[in-house]
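These are the residues of each chain, in order.
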Amino acid sequence: MRDLVTTLDLGPLLLRGGEKLPDLDDFEAAFAALSERPEGAAVVRQIEDRIERYFRGVQLPRTATIYDFLVLSLRSKDVLVTFNWDPLLYDALARNRAVPVPRAFFLHGCVRIGYCHEHHAAGPQGETCAICGVRRANVPLLYPGRKNYSAHAFIRGEWEGAKRALADAQTVTVFGYGAPASDADAVQLLQDSWFARSRREFEHMEVVDTAEGEVLERRWRRFTPTRHFRAFATFDQTSIARWPRRSCEAQLAAMSRGVPAANFPLFATTDLLSLQAEAAGIAAHEAQR
Ligand SMILES: [Zn+2]
């Protein structure tokens, strides 16, 4: 978000939209201010178009990326929750479907997803609904100041799914999400679900972020009253990476029986097919459960 204004050259548009905008380095604040002014509507639409076009063009390379490692290291019982509009996670899930992968919830929408309001069915953007044959509508991308999570059926469903999953989760791993002030409502909703109806005795949380450990601990303290909190600078230190598709089992073995599990990370490769083959080898032992 910090680089969005420069990357997409949004500065002139933001300025044209109105007088005395806040710090242009902070797109969220500037865009929120602009959205609140009726005369900013046309510029707002232009900015949205530019952002949508840009993110639609973003693509994964053919080689294995951290997105592939992430989705192949999780099972279909796991869940991914993202605030990102970009299509990288969506595309990684699509290209690794030969192995059972988790489902993802896009809480702020995604440029790859379309939605049929008539049949409440989501699918690839630009394609037609499998039931009525009508082209699916684009889902909205939620912007600062307009975070009404219940206004759109698709977004509402994504939030409901994410909240259900959080309530049942044993461990939450957060990747580079800073819980900004502009997302206070979102963070509160996630926190409420994390503590709702749960039978878990400990809150296990892992954070992948390059910020100072102390800063991270403070930021996420309200999610971890039992202090089972670990911060890492890189993905390969997380439980997901150390015990792909078995992270919860490895944690439980240590917690309930005092048996530490040996690490068995996926082989560090850029070859997507061999990565998929390795994950499929682990997944073969998950059948019919
Ligand atoms: Zn339909």
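Structure shown above.
Residues numbered from 1 in each chain as written. Predicted model: local features only at pLDDT ≥ 70, side-chain atom pairs only at ≥ 80, totals over all residues. Heavy atoms only, no water.

A.B. asks: How should the coordination of the zinc ion be read in this particular structure?
C.D. replies: Each pair of donors in an ideal octahedron of six around a metal sits at 90 or 180 degrees, and each pair in an ideal tetrahedron of four sits at 109.5 degrees. Coordination of the zinc ion by the protein comes from Cys116 (SG), His119 (ND1), Cys129 (SG) and Cys132 (SG), over a distance range of 2.2 to 2.3 Å. One can describe the site at the zinc ion as tetrahedral: its four donor atoms subtend angles covering 103 to 121° at the metal. Within one chain, the residues donating to the zinc ion are spaced in sequence as C-x2-H-x9-C-x2-C. With His119 in the loop between strand S3 (113-116) and strand S4 (121-124) and Cys129 in the loop between S4 and strand S5 (137-138), this pair connects stretches of sequence that are 10 residues apart. For His119, a relative accessible area of 27% puts it in the partly exposed group. (Donors = N, O, S within 2.8 Å, 3.2 Å for Na, K, Ca; no water. Tetrahedral: all angles 85-135°; square planar, octahedral: opposite > 155°, others 65-115°. Helix = DSSP H or I, 4+ residues; strand = E, 2+ residues; numbered from the N terminus. Buried < 20%, exposed > 50% of the residue type's maximum accessible area, 1.4 Å probe, protein only.)

A.B. asks: Sorry, what's going on with the side chain of Glu158 here?
C.D. replies: On the secondary structure map, Glu158 appears in helix H7 (residues 153-168). With relative accessibility at 6%, the residue Glu158 sits in the buried group. One polar contact links Glu158 to Arg103, side chain to side chain, over a distance of 3.1 Å. Residues in contact with Glu158, not counting those within four places in the same chain, are Arg103, Ala104, Phe105, Phe106 and Leu107. (Polar contact = N/O pair within 3.5 Å; in protein donor to acceptor, adjacent residues only side chain to side chain. Contact = heavy atoms within 4.5 Å.)

A.B. asks: Would you mind showing me how to read the side chain of Gln191 here?
C.D. replies: Within the secondary structure, Gln191 is located in helix H8 (residues 184-195). Since its relative accessible area comes to 14%, Gln191 is described here as buried. When near neighbours in sequence (up to four residues on either side) are disregarded, Gln191 contacts Arg222 and Phe223.

A.B. asks: Any chance you could explain the nonpolar core here in plain terms?
C.D. replies: Looking at soluble globular proteins, one finds that nonpolar side chains tend to be buried together. Leu10, Phe27, Ile47 and Ile51 are the most contacted members of the largest nonpolar core, which totals 74 residues. The element that contributes the greatest number of residues to this core is H7, accounting for six residues. Composition of this core by domain shows at least three residues from each of domain 1 (4-56) and domain 2 (66-286). In contact with Leu10, not counting residues within four places along its chain, are Leu4, Val5, Phe27, Ile47, Arg50 and Ile51. (Core = buried A, V, L, I, M, F, W, Y, C linked by side-chain atoms within 4.5 Å. Domains from an automatic or database assignment.)

A.B. asks: Any chance you could explain the sheet that holds strand S8 (residues 228-232) here in plain terms?
C.D. replies: To summarise the sheet geometry, strands pair through backbone hydrogen bonds and adopt either a parallel or an antiparallel arrangement. Within the open sheet, the three strands sit side by side as S6-S7-S8. Their pairing is parallel. Two strands close off the open sheet at either side, each with one partner strand: strand S6 (171-175) and S8. Here the average twist between neighbouring strands, direction ignored, is 15°. Across five bridges, the pairing between strand S7 (residues 204-208) and S8 is parallel. Residue pairing for S8: Val207 is matched across the bridge by Ala231. Helix H9 (residues 213-220) rests against S6, S7 and S8 of the sheet, and its axis sits at about 140° to S8. (Pairing = 2+ DSSP bridges. Axes fitted to C-alpha atoms, helices over the stretch in contact; angles between N-to-C directions.)

These values are about where atoms sit, not about what they do.
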